[in-house]
Amino acid sequence: MKKTLIALALTTLPVAAMAEVVLYGQMKAGYEVNSSKVTGDDRSPYLNGIADYGSRIGFKGSEDLGNGLKAIWQVESRIHLGHSNGGSDGWADRDSFIGLQHDQFGTVRAGRISNAINANMDVVDAWEYSSETLGLGKFTRTDARYVGVAYDSPEWAGFNFNVLYSPRDNVNGLDREGEYNRGIGAGDKYSVGLNYHNSGFYAKYGFDYLKNSAIKYDVNNLGVVTKDHKDGQVHRVEGGYDANNLFVGVGYQYTKNTSSYNRAANDYAGAVLSHFGDAGVGDHSLTLDNQGQEAALTVGYHFGNIFPKISYAHGWDVKIEGTKEKNTKYDQVVLGADYDFSKRTTANVQAGWLREGLGEDNGKIKTTAFGVGLKHTF
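Because the structure is a prediction, the values reported are computed rather than measured.

**Considerations on the overall build of the protein**
- The helix and strand tally for the protein stands at four helices and 21 strands.
- At 22 Å, the protein has a C-alpha radius of gyration in line with the 21 Å of a compact globule built from 378 residues.
- A principal-axis box enclosing the C-alpha atoms of the protein has dimensions of 75 × 50 × 40 Å.
- Across the 378 residues that make up the protein, the buried fraction comes to 44%.
- Positive and negative side-chain charges in the protein, numbering 38 and 44 respectively, have mean positions lying 3 Å apart.

Right, here's the structure in full:
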C-alpha cells in the first residue's frame, strides 16, 4: 500500500532528529439494497442507500532511538460516507496508541488497540460491506478494540504472537462505584493471538477472556431469584492458503457468555436483564449465560484483475443457560467478485442470502441483499 509521507521538521532540533509522519487511509463506500421476510409475514420494504464500508484516515510516525529501538505512535479515526454498520464517531476511535518497538524484542503499545481476533484474523471474511448479509458480519462480530496495553512479538520462522490486557477501570469507564452498586464485579478483558504463515499457507488462533460478562439466573425452593456471574470466552481458529492466484479460507468460532449470533437470543437476554434491572457500566456489557458455535468457508481465484469468490457460513443452535434452543441456527451464502483498477483502487459487486431461526415456534427470517461499491487506499 502506497503511503503519503509528510516530513515534519522541528526547527529547535537538528536535522538528524527530524520526525517523519505517515498519512494513510481508505475511502470505501457503495450502494446496498436488502429486504427481509419472516415466516408467515409479508416481505418487508426494500431498504437501500449509500453505505459506508469502514472508511478511515490515520497518522502514524516513529523516531529512531538507537540500538534497534524506536518510539512509535498512531492515531486512526473512522470516516462515515453514508449509513454504516455501527461504530463510534469520536476522534481516535480506531487503533490509536503510543509505544516502543525493538527489532529483536518486539513491540509494547498503550492506547486503544485491536484484540487479537480483529488485528490478525478476518481473512475468511474477504468482503467489503455494511449489511451483514453481504459479508460475514455475524462471524466477525467478536472483533473488538480495548483500551489497554499490548505486546507483539517479533517473527520467528513464520510464527508470532500477541497479548492485550484491558484493565478494569478502562472497561467500566472509570465508574467503579457504579460497577460495585450493580454487583457485577470487575470487567477486565484479555486477548491472545497466535499466528503462522509459510509459502502461502497460514494458521491463526485468537482468544478473548472477558471477566463477568454474563449472568445466570436461578430460582430457589422459596421462589427467590438468585444470580451468578459468568466469565466470557471467544475462541476463533482460521487457516487456509493464499498464493498462486488461489485463495481458500476456513474458520471456526466458539463463543461463551458474550453476544450471540442469534438475534432472538440477544433480544431475550436484553429483555431479561432489563426486567431484573441489571445493566453494564461503560464497556462492561452484560448478557445471559449462552454458548454458540459457527463455521465459515471462503474460496476465490484471481483471473488477472478479476477476483470472483464465494462464502458459506453456518451457526448451530445456541445454548441459553445450558439449554439448547431449537430453531436458532443460521445459514448464509455470499457470492461476488472484485475488480482491481490498480493496486490502490478496487470495485466490488456481491449478492447475499441469510436465513436465521427466531426460536422455537417463531419461524425464520430470510434476508436477501445486493451491493456494489468502490475502495481506494492511500
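**Describing the nonpolar core**
- Of all hydrophobic cores here, the largest spans 11 residues; its members are V124, L136, F139, Y261, A265, A296, A313, V318, I320, Y330 and L354.
- With sequence-adjacent residues up to four places away left out, L136 is seen in contact with V124, D125, Y129, A296, T298, S311, A313 and Q332.
- Within the second largest apolar cluster, nine residues are counted, among which are I184, I215, V281 and L288.

**Some remarks on a nonpolar patch on the surface**
- Among the surface-exposed residues, L246, V250, L297, V299, Y301, F303, I306, I310, L335, Y339, F341 and L374 lie close enough to one another that they form a single nonpolar patch of about 1100 Å² accessible area.
- Of all the secondary structure elements, the ones that give two or more residues to the nonpolar patch are β13 (246–256), β15 (290–301), β16 (306–315) and β19 (330–340).
- Looking at which element gives the most residues to the nonpolar patch, the answer is β15, with three residues.
- Among the structural elements, V250 can be located in strand β13.

**Thoughts on the environment of G251**
- Here G251 lies in strand β13.
- Accessibility expressed as a relative area gives 3% for G251, which makes it buried.
- For the pair formed by G251 and V224, sequence separation is 27 residues and the distance between their alpha carbons is 43 Å.
- With residues up to four places along the chain from it excluded, the contact list for G251 reads V124, F139, V237, E238, E294, A295 and A296.

**Quick notes on helix α4 (residues 263–275)**
- Over its 13 residues, α4 extends 18 Å from the first C-alpha to the last, a length consistent with the 18 Å expected when each residue adds 1.5 Å.
- A265, A269, V272 and L273 are the residues of α4 that are buried. The buried residues of α4 occupy an angular sector of 95° when projected down its axis, which confines them to one face. Structural note: α4 exposes D267, S274 and H275 on the side pointing more than 90 degrees away from its buried face.
- The inward-facing, buried residues of α4 abut β11 (201–219), β14 (287–288) and β17 (319–320).
- Capping the start of α4, N262 holds a side-chain oxygen 3.1 Å from the backbone nitrogen of A264, two or three residues further along.
- Phi turns positive, to about 75°, at G277, one or two residues after α4.

**Re the pattern of salt bridges**
- According to the stated counting rule, one finds 20 salt bridges in the structure shown.
- R263 is the salt-bridge partner of E356, the closest N and O atoms lying 2.7 Å from each other. Residue E356 is located in strand β20 (residues 345–357), and its partner R263 is located in helix α4; the two are separated by 93 residues in the primary sequence.
- On the accessibility criterion, R263 (33% relative accessible area) is partly exposed.
- R355 is paired through a salt bridge with D331; the nearest N and O atoms lie 3.4 Å apart. Residue R355 is found in strand β20, and its partner D331 is found in strand β19; the two are separated by 24 residues along the sequence.

**Some remarks on the pairing of β16**
- When β15 meets β16, the two strands line up antiparallel, connected through seven bridges. Bridging across to β16, A296 finds its partner in A313.
- Where β15 folds back onto β16 in an antiparallel hairpin, the turn is made up of four residues, including G304, whose phi is positive at roughly 65°.
- The pairing of β16 with β19 spans 10 bridges and is antiparallel. When the bridges of β19 are listed, P308 appears paired with A337.

**Here we look at the side chain of E238**
- Structurally, the position occupied by E238 is in strand β12 (residues 225–243).
- Of the polar contacts made by the side chain of E238, one reaches the backbone nitrogen of D122; its length is 3.2 Å.
- Only 3.5 Å separates the side chain of E238 from the side chain of R236, close enough to count as a polar contact.
- Beyond its immediate stretch of four places on either side in the chain, E238 contacts M121, D122, V123, V124, F139, Y202, A203, K204, V250 and G251.

What counts and how
- Residues numbered from 1 in each chain as written.
- Predicted model: local features only at pLDDT ≥ 70, side-chain atom pairs only at ≥ 80, totals over all residues.
- Heavy atoms only, no water.
- Helix = DSSP H or I, 4+ residues; strand = E, 2+ residues; numbered from the N terminus.
- Rg over C-alpha atoms; globule rule 2.2 N^0.38 Å.
- Buried < 20%, exposed > 50% of the residue type's maximum accessible area, 1.4 Å probe, protein only.
- Lys, Arg positive; Asp, Glu negative; His and termini not counted.
- Charge placed at Lys NZ, Arg CZ, Asp CG, Glu CD.
- Core = buried A, V, L, I, M, F, W, Y, C linked by side-chain atoms within 4.5 Å.
- Contact = heavy atoms within 4.5 Å.
- Patch = residues over 30% accessible without salt bridge, like charges linked within 9 Å, V, L, I, M, F, W, Y side chains within 5 Å.
- Areas by Shrake-Rupley, 256 points an atom, 1.4 Å probe, with all protein chains shown as cover.
- Salt bridge = Lys/Arg side-chain N within 4 Å of Asp/Glu carboxyl O.
- Expected span 1.5 Å × (residues − 1).
- Arc of directions from axis to C-beta.
- Polar contact = N/O pair within 3.5 Å; in protein donor to acceptor, adjacent residues only side chain to side chain.
- Pairing = 2+ DSSP bridges.

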